[in-house]
Structure formats: structure tokens, C-alpha cells
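This is what each chain is made of:
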Amino acid sequence: MDTINSAVETLMQGANTLFILIGAILVLAMHAGFAFLEVGTVRKKNQVNALVKIMTDFGFSTLAYFFIGYWIAYDITFFSSATVLAEGNGYALVKFFFLLTFAAAIPAIISGGVAERARFYPMLTASALIVGLVYPLFEGMSWNGNYGFQSWIESSFGAPFHDFAGSVVVHGVGGWIALAAVLVLGARRGRYRNGKVVAFAPSNIPFLALGSWILTVGWFGFNVMSAQTLDGISGLVAVNSLMAMVGGIIASMALGKNDPGFIHNGPLAGLVAVCAGSDIMHPIGALITGGIAGALFVMMFTLAQNKWPRLDDVLGVWPLHGLCGAWGGIAAGIFGLEALGGIGGVTFLAQFAGTIIGIIIAVLGGFAVYGLINKVVGLRLEEEDEFNGADLSIHKIGATSED
């Protein structure tokens, strides 16, 4: 009997390791989605830079999170022997890999907001600081209960802060940090003339659409595999993600007047918003959550582009991730309630408080990191380099040959 139990335990350990590894690979693939979404949106003279940033940000993020960020968030380090690390089929290592892909999404989100005018190495330095210090602070508070955060939320508002897959922890934090970075950098030169916006059209709609589809497919690993073990997997998470995605598509199509940029960001808005409550909402609640997120993105992106000259957010990452992520955190406290068909275990006030605290940490951390680096070495490309484009100025090569 002991032999059978041991064999079953080993099998489950291996299955859980494989399960979360597949999730890590799917979320890793999402970084290609971030890259192509940015490549398709920026002007042709900045396409190479978009690709290189996503790849190098991931490298810097991995080092920062491996040595510092994961330690801050979970009080876990990897300075044991390989024999120890390989115990349990190496599940602990693969769990790190999975959570790393979430952490590395923060610079990928920010990249789209600051596109076309940021210096290369200062931004990489900022990415390392964000992933190593700022992001894991709130990650640990929300997902590990650090500093008594969850205990305080529960005692004050009747339930802990619930963010199953990171509407606030990942997307909200990334979007609000991006807002700080965008404001520190300022608008692209030539973007606003005589108080009016000058439209810089997307350079490649097929690439933009490809990026959206890659992100959409990978998102089901992002959400479903957030269970982290096979016995925690839920088809409810998958269908809620699907319904929120569809809600985002329909709303962005209707309000965006068939604009392909809005339509391909709409499903992403819905998926951002449903992350927090995807495990507790009814599918109809998820549909409504996604629809509101799609509408919120279209309206706020349009408003920011046309009315707020300093807020030159190229891909609209603040409305997409920052605002829709915040909405998702709050929506979990609405549509997760049993009275509205949800599973329960949440309160509106707990979700609202947790979301606001996440925003505050993100904004303060963003201004601290990007403001400091800007003062010390400068974040902005020289005027001539920005005019020539980041591809030639930084990487000495264009996206296509002149043949």
C-alpha cells in the first residue's frame, strides 16, 4: 500500500509539474504577442526596437526576479544544491518559471506605452528595478499575504483581496507604472501641433492582429493555469475567460466604429478585466465584465489621445491594462457575489481597497524608478535620434531592406 501511495504521489507531482510548465510556456509565448502588437502599432522606423525591447526586457527581468524579486515576494531563493531544487520533480522551479512570465509581462506592458522615444539601456535598467523591487512588493502582499496585507483587508472589509490571475497584481500594476513612465518621458515630437493631435497610423495591421491573437490564445494559460495544480483546474475559468474576451470584442467593435486597432485590443481588454474573478464569476457576469472593459478601453484611449497632450501612450497600455485591470479587480467584488450568480467569498469593499492600494504602489514606484533614472542619465532619445527612429539610432538596422 505504501508503494502504491508513493507511486501515486510521484505521478501527481510529475503531472502538476507538467501542468504548470505548460502554463509557463503559454504565458512565455504571450511575450511574442506583446512584441507583434507593438510592431504593428509603431511606425516602421521603430519596429526593430519593439522586437528587441521585448526580448531583452525578458532577459533582464529573469535575472532581477530570480535573484531579488521572487525572494521579496515569497521569501524563496534558489541557492540550494541542484539535488534539492530537483525534489518533487522540480515543481518549485517550474512554479518560479510560471510566475516569472507574469513578472516579465510588466516591462512588456510598459514598452508599448513608451514606444518610439525611449533610450535603450536606461529603460532596461528601469525594467530590472521594476521587476526586482516594485512589482514583487504588491505581488507578495496579494498572493503571499506579506506584511499582514490580506489579514488587514479581511478584518476590515469582510474578505481577503481576491485576484486569481492578476487583473490588478499584473495588469493593473503594469498599466499604472506605464502611466508614470509615459508622463516622465513626455509626448513624441510632432505628435501634437497647435493643440491638436497628429495621427500616427499603425504601420502594419496584420502584425497588430497577429499580436492580439497570440496574446488571446496564451491568455488561457495565463488564467486557467493560475490554479497551479491539476486538482485546482476549473473549466469555469476557461469559459469565463472566453466570455469576457467576446464581450470585449463586441463592445470595442460597436464603440470603435469598426476600427481594427480597437477591435483587436477589445478582447485583450476583456481578458485583462476577467483575470481577477475568472474563478468565481458566472459566465454572464464575465461577459458583462469584458464588455464594460472593451467600452472603457475605447472611450479612455480616445479621450487620452485627443484631450491630454502629455499622455502620449502609444499602444494605450494605461487604459487597456491600468484601467481595465482596476475595473477587473473591482468587478470581482460585484459579479463574484453569490447574489449575482458568483461563487462568493469576496466583498466589493475588499476588492476596491485592494485595487486602490495596488494602484498607489504602482504609481509611486513608477515615478520613483523612472523619475530617478531620468534625472541621473536621461530616458529620452535625442531629437535627431527620435526623428531617424529607434531602429537606426539604437540598433543600426531597419526592419526591412531597401531593395
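Because the structure is a prediction, the values reported are computed rather than measured.

Novice: I'm lost on the nonpolar core in this one. Help?
Specialist: Most often, soluble globular proteins have nonpolar side chains that are buried together. Of all hydrophobic cores here, the largest spans 102 residues; its most connected members are Y65, Y135, F138, I177, W219, F222 and Y370. Apart from the residues within four sequence positions on either side, W219 is in contact with M30, H171, L268, L271, V272 and C275.

Novice: How should the environment of I76 be read in this particular structure?
Specialist: As for its position among the elements, I76 is in the loop between helix 2 (47–74) and helix 3 (82–85). For I76, a relative accessible area of 36% translates into the label partly exposed. C-alpha separation for the pair I76 and F66, spaced 10 residues apart in sequence, amounts to 9.6 Å.

Novice: Explain the side chain of S212 to me, please; I cannot follow it from the model alone.
Specialist: By the element assignment, S212 lies in helix 9 (residues 205–224). Setting aside chain neighbours within four positions, we find S212 in contact with L37, H264, P267 and L268.

Novice: How should I be thinking about the packing of helix 10 (residues 235–255) against helix 11 (residues 260–274) in this particular structure?
Specialist: Each pair of packed helices gets described by two things: the angle between the helix axes and the distance between those axes. Their axes nearest at 7 Å, the elements helix 10 and helix 11 cross at an angle of 140°. Relative to helix 11, the element helix 10 lies oblique. Viewed along their axes, helix 10 and helix 11 form a crossing whose handedness is right-handed. On helix 11, the residues touching N240, S241, A244, M245, G248, I249, S252 and M253 of helix 10 are F262, I263, G266, P267, G270, L271 and V274. A per-class count over the contact of helix 10 with helix 11 returns 9 nonpolar, 6 polar and no charged.

Novice: Help me out: how do you make sense of the packing of helix 2 against helix 4 (residues 91–103) in this one?
Specialist: Running from N to C, helix 2 and helix 4 cross one another at 115°; their axes reach a closest spacing of 10 Å. When the interaxial angle is binned, helix 2 and helix 4 end up roughly perpendicular. The two elements helix 2 and helix 4 cross, and the hand of that crossing is right-handed. Along its contact with helix 2, which presents F58, S61, T62, Y65, F66, Y70 and Y74, the element helix 4 presents A92, K95, F96, L99, L100 and A103. For the contact of helix 2 with helix 4, the class distribution of residues is 10 nonpolar, 2 polar and 1 charged.

Novice: Would you take a moment to explain the packing of aromatic side chains for this structure?
Specialist: Here the distance between the centres and the angle between the planes together describe a pair of aromatic rings. Counting across every chain of the model gives 26 aromatic pairs. An angle of 35° between the planes, with centres 6.4 Å apart, marks the rings of F67 and F79 as tilted. In this pair, F67 is assigned in helix 2 and F79 in the loop between helix 2 and helix 3, connecting sequence segments 12 residues apart. The exposure class assigned to F79 is exposed, which follows from its relative accessible area of 60%. A ring pair is formed by F138 and F149, whose centres lie 5.9 Å apart and whose planes are at 70°; its orientation type is edge-to-face. With F138 in helix 6 (residues 120–143) and F149 in helix 7 (residues 149–157), this residue pair connects regions lying 11 residues apart in the sequence. We classify F138 as buried; its relative accessible area is 1%. Relative accessible area serves as the criterion here: at 5%, F149 is assigned to the buried category.

Novice: Mind showing me how you'd approach the state of the cysteines here?
Specialist: Working definition of a disulfide: a covalent bond connecting the sulfur atoms of two cysteines. Scanning all chains against the criterion turns up 0 disulfides. In this structure C275 is a free cysteine whose sulfur lies 11 Å from that of C324, the closest cysteine sulfur available. Since its relative accessible area comes to 0%, C275 is described here as buried. On the basis of relative accessibility, which here comes to 0%, the residue C324 falls in the buried class.

Novice: It is not clear to me how the pattern of salt bridges should be interpreted in this structure. Could you clarify?
Specialist: Pairing is possible between side chains that carry opposite charge, provided their charged atoms lie close to one another. Under the defined criterion, the tally for this structure stands at 7 salt bridges. D312 serves as the salt-bridge partner of R188, at 2.8 Å between the closest nitrogen and oxygen. Highlighted residues: R188 in the loop between helix 8 (167–185) and strand 1 (192–193) and D312 in the loop between helix 12 (283–307) and helix 13 (317–335), separated in sequence by 124 residues. For the pair R188 and D312, one class covers both residues: buried. Salt bridges here are not isolated pairs; linked through shared partners, they connect R43, E116, R188, R191 and D312.

Calculation notes
Residues numbered from 1 in each chain as written. Predicted model: local features only at pLDDT ≥ 70, side-chain atom pairs only at ≥ 80, totals over all residues. Heavy atoms only, no water. Core = buried A, V, L, I, M, F, W, Y, C linked by side-chain atoms within 4.5 Å. Buried < 20%, exposed > 50% of the residue type's maximum accessible area, 1.4 Å probe, protein only. Contact = heavy atoms within 4.5 Å. Helix = DSSP H or I, 4+ residues; strand = E, 2+ residues; numbered from the N terminus. Axes fitted to C-alpha atoms, helices over the stretch in contact; angles between N-to-C directions. Parallel < 35°, antiparallel > 145°, perpendicular 65-115°, else oblique. Left-handed = near helix turned anticlockwise from the far one by under 90°. Nonpolar A, V, L, I, M, F, W, Y, C, P; charged D, E, K, R; others polar. Phe/Tyr/Trp six-rings, centres within 6.5 Å; stacked < 30°, edge-to-face > 60°. Disulfide = S-S within 2.5 Å. Salt bridge = Lys/Arg side-chain N within 4 Å of Asp/Glu carboxyl O.

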